[in-house]
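This is what each chain is made of:
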Amino acid sequence: MRGGRRQRAVIIGGGLGGLALALRLAARGMAVTVCERSGRLGGKMNRLERDGFSFDTGPSLITMPHVFEGLFASVGETLSDHLELMPVRPLAEYVYPDGTRFAHGGALPDWIDTLRRLEPRDVDGFFRYVRLGARMFALSESTFLRRPLGAPPDRAALAAMARMPWRHAWGNYARAVGAHFKSPYLVQLYNRYPTYVGSSPYEAPAMLAVIPYLEYAFGGWHVSGGLYRIVEALTALGAARGVTFRTDAEVTRIRVANGRVAGVGLAGGEELDADVCVMNGDPSMAPALLGGAAGSTLRPRDRSLSGLVFLVGLNRRVEGWGHHTVFFSEDYPREFGSLFRERRFPEDPTVYVNMPTRSDPRLAPPGCETLFIMANAPPDAEEAWDAAATAKAREQVFARLRAGGFPDLDDAAVEEVWTPGDFAERYAMPGGAIYGAHSHGWRRAFFRPPNKDRRVEGLYYTGGGSHPGGGTPTVLISARITSELILRHETS
Ligand SMILES: Cc1cc2nc3c(=O)[nH]c(=O)nc-3n(C[C@H](O)[C@H](O)[C@H](O)COP(=O)(O)OP(=O)(O)OC[C@H]3O[C@@H](n4cnc5c(N)ncnc54)[C@H](O)[C@@H]3O)c2cc1C
């Protein structure tokens, strides 16, 4: 309460982090308004409906389900009353240019058989890599995943640091993979994980080995009805607790008086008063809202990957393929060289196919399939993605699928393409960079913008662009940390 009235919070952005934070703050009695510039809530976690096909246009897989459950529990709810989480096992199939194809993320004995077949020495390497990931997880859990940036280490953190094999943890991600695996197939597979945070394995720190560990330890999950059901559930719970959701409501200004947030201004001239303001859009856009130069402060060379996405609806089944498939390129270092150094779409891209109708047939008309096909793209939305460039990239993507034995998709009933320019425009992402800043090097990976502004009182940040970083569970953790900071600093 402030002066006998409820504290007013305005959240700039209705992405996953904004929605989770709105729910948490409303449950603690704050009057919360979410302002979303686009016409739909959800941000990158979104949905497109076309001719009976339902596409999740962002995340296709979640891990750490306990983090989602924790959010519901924090407001007195049970996740399973609102959402049905479905384990996907095996998690994915990997297809290589020489025709090698195997499943990953199923029963452990099957995986050991695969490892033995590929390279017997890698059985031991795999278990050592899991142990390394487990130690990194213990350290992350007791430090940056649990607490605001800069909080001093507690006893659990110091104990986790003492157990860390720093020889492997301190260095480069791809080198750590190379120290554990001999099979080129497994090296490429494990080198893919830094792309989960929009980064190159050849530039990222070895600490990102925590990502494959999370998938191994907590599995990969689909949400029945599509991942957008998460957005619908959070919105319904927020509305029931009095959150005001406003779409087509772009914040163009954060009003500050005497060093403290006083409110926001919307495009069109409307003013909203606020005691607390939270930026859920990329933090690099906040200085412009505070009166600085227009645009983002995230330099092009610091941006994470963008994507080239095809949303395809087929009026037939695709037999013999599962929910998630990855078709690897011939030359992974060259692919990342194109993406980050040459800043161009790779000649031979690695292609990810998500076909959720394999687990959840209701996402398409009976007997049909919904496909989300994605290749990494440089985060330069400003570059020409004209019809010719997009058609050329499409041919490169579909050639990789054909080479991997995937059926032709030329008879698609629906096909939509989203380029980095579409991502930039739809979600106000600088350059279309999906995860804000990339995680190249320790400083960028673990020292993202903090959740509380250092200069303006009452101004906070939440979501993938701020601490602790992107990916859906981490975004929910960000919302928890931000809500704890707000409750500590603003409501006492
Ligand atoms: C193609 C794709 C695939 C992905 N795959 C996965 C996956 O498989 N698993 C996974 O865990 N994660 C995945 N992610 C990442 C995940 O979607 C994001 O990390 C997460 O959804 C980001 O949430 P956020 O809270 O940071 O907000 P965002 O989704 O970035 O939303 C921020 C919102 O703020 C709004 N906004 C910005 N500025 C303003 C303003 N001035 N006024 C009003 N509104 C504003 C934007 O319009 C946007 O809606 C994927 C993302 C994409 C795009």
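Here, every reference points to the structure presented above.
Each value, and the rule that gives it
- Residues numbered from 1 in each chain as written.
- Predicted model: local features only at pLDDT ≥ 70, side-chain atom pairs only at ≥ 80, totals over all residues.
- Heavy atoms only, no water.
- Patch = residues over 30% accessible without salt bridge, like charges linked within 9 Å, V, L, I, M, F, W, Y side chains within 5 Å.
- Areas by Shrake-Rupley, 256 points an atom, 1.4 Å probe, with all protein chains shown as cover.
- Salt bridge = Lys/Arg side-chain N within 4 Å of Asp/Glu carboxyl O.
- Helix = DSSP H or I, 4+ residues; strand = E, 2+ residues; numbered from the N terminus.
- Buried < 20%, exposed > 50% of the residue type's maximum accessible area, 1.4 Å probe, protein only.
- Near = heavy atom within 4 Å.
- Polar contact = N/O pair within 3.5 Å; in protein donor to acceptor, adjacent residues only side chain to side chain.
- Domains from an automatic or database assignment.
- Arc of directions from axis to C-beta.
- Pairing = 2+ DSSP bridges.
- Axes fitted to C-alpha atoms, helices over the stretch in contact; angles between N-to-C directions.
- Contact = heavy atoms within 4.5 Å.
- Phe/Tyr/Trp six-rings, centres within 6.5 Å; stacked < 30°, edge-to-face > 60°.

**So, a nonpolar patch on the surface**
Taken together, the side chains of L108, F127 and Y216 make up a nonpolar region of the molecular surface, amounting to roughly 240 Å² of accessible area. Considering the arrangement of structural elements, one finds Y216 in helix α9 (residues 210-218). Accessibility expressed as a relative area gives 39% for Y216, which makes it partly exposed.

**So, the site of the ligand**
Taken together, 34 residues lie around the ligand, and G17, E36, K44, G464 and T472 are the ones closest in. Taking G17, its main chain carries an N or O atom lying 2.7 Å from an oxygen atom of the ligand. Between the ligand and the protein, one listed contact pairs an oxygen atom with a side-chain N or O atom of E36 at 2.6 Å. In the complex, the protein chains occlude 93% of the 1,000 Å² of accessible area that the ligand would expose alone. Taken together, the elements giving at least two residues each to the shell around the ligand come down to α1 (16-27), β17 (369-377), α14 (420-427) and α16 (472-490). The residue makeup of the shell around the ligand includes at least three contributed by each of domain 1 (8-47 + 57-85 + 226-297 + 437-490) and domain 3 (301-431).

**Notes on helix α7 (residues 173-180)**
Looking only at α7, the buried set comprises Y173, A174, A176, V177 and H180. Angularly, the buried residues of α7 cover 160° about the axis, an arc narrow enough to put them on a single face. Structurally, the start of α7 carries an N-cap: the backbone nitrogen of A174 is 2.9 Å from a side-chain oxygen of N172.

**So, the pairing of strand β11 (residues 260-266)**
For β11, the buried fraction is high: five of the seven residues fall into the buried class. Between strand β10 (residues 251-257) and β11, which pair antiparallel in sequence order, lie two residues; one of them, N258, sits at a positive phi of approximately 55°. Alignment of β11 against strand β12 (residues 271-273), held across three bridges, turns out to be antiparallel. Opposite G265, over in β12, you have E271 as the bridge partner. Taking the residues that link successive antiparallel strands as the turn, the β11-β12 hairpin has four residues, and the phi of G268 there is positive, at about 105°.

**Topic: the sheet that holds strand β2 (residues 31-35)**
Taken in spatial order, the five strands make up an open sheet running β9-β2-β1-β13-β19, and their pairing is parallel. At either margin of the open sheet sits one strand with a lone partner, and together these are β9 (244-246) and β19 (459-461). For this sheet the average axis-to-axis angle between neighbouring strands, irrespective of direction, equals 20°. Pairing of strand β13 (residues 276-279) with β19 involves three bridges; the strand directions are parallel. The residue bridging V278 from the neighbouring strand is Y460, located in β19. Contacting β13 and β19, α16 runs over the sheet at an angle of about 165° to β19.

**Description of the packing of aromatic side chains**
Tallied over the entire structure, the rule returns 28 aromatic pairs. Ring centres of Y129 and F181 lie 5.4 Å apart, and the angle between their planes is 75°; on these two criteria the pair is classed as edge-to-face. In this pair, Y129 sits in helix α4 (residues 121-142) while F181 sits in the loop between α7 and α8 (184-191), placing the two residues 52 residues apart along the sequence. Of the residues examined, F181 reaches a relative accessible area of 2% and is grouped as buried.

**Topic: the environment of L290**
Here L290 shows up in the loop between α11 (286-289) and β14 (306-314). Using a relative accessible area of 32% as the deciding quantity, one classes L290 as partly exposed. For the pair L290 and R253, spaced 37 residues apart in sequence, the C-alpha to C-alpha distance is 6.1 Å. Contact partners of L290, with chain neighbours within four places excluded, come to I254, V256, V456 and L459.

**Side note on the sheet that holds strand β16 (residues 351-354)**
Spatial strand order, β7-β6-β15-β16-β17-β14-β18: seven strands in an open sheet with mixed pairing. Looking along the sheet, the strands with just one partner apiece sit at the ends: β7 (101-104) and β18 (414-418). Averaged over all adjacent pairs, the angle separating strand axes in this sheet is 20°, with direction ignored. Along the sheet, helix α13 (residues 387-403) contacts β14, β15 (324-327), β16, β17 and β18; its crossing angle with β14, the most-contacted strand, is approximately 70°. This element, α14, spans β14, β17 and β18 of the sheet and lies at about 80° to β18.

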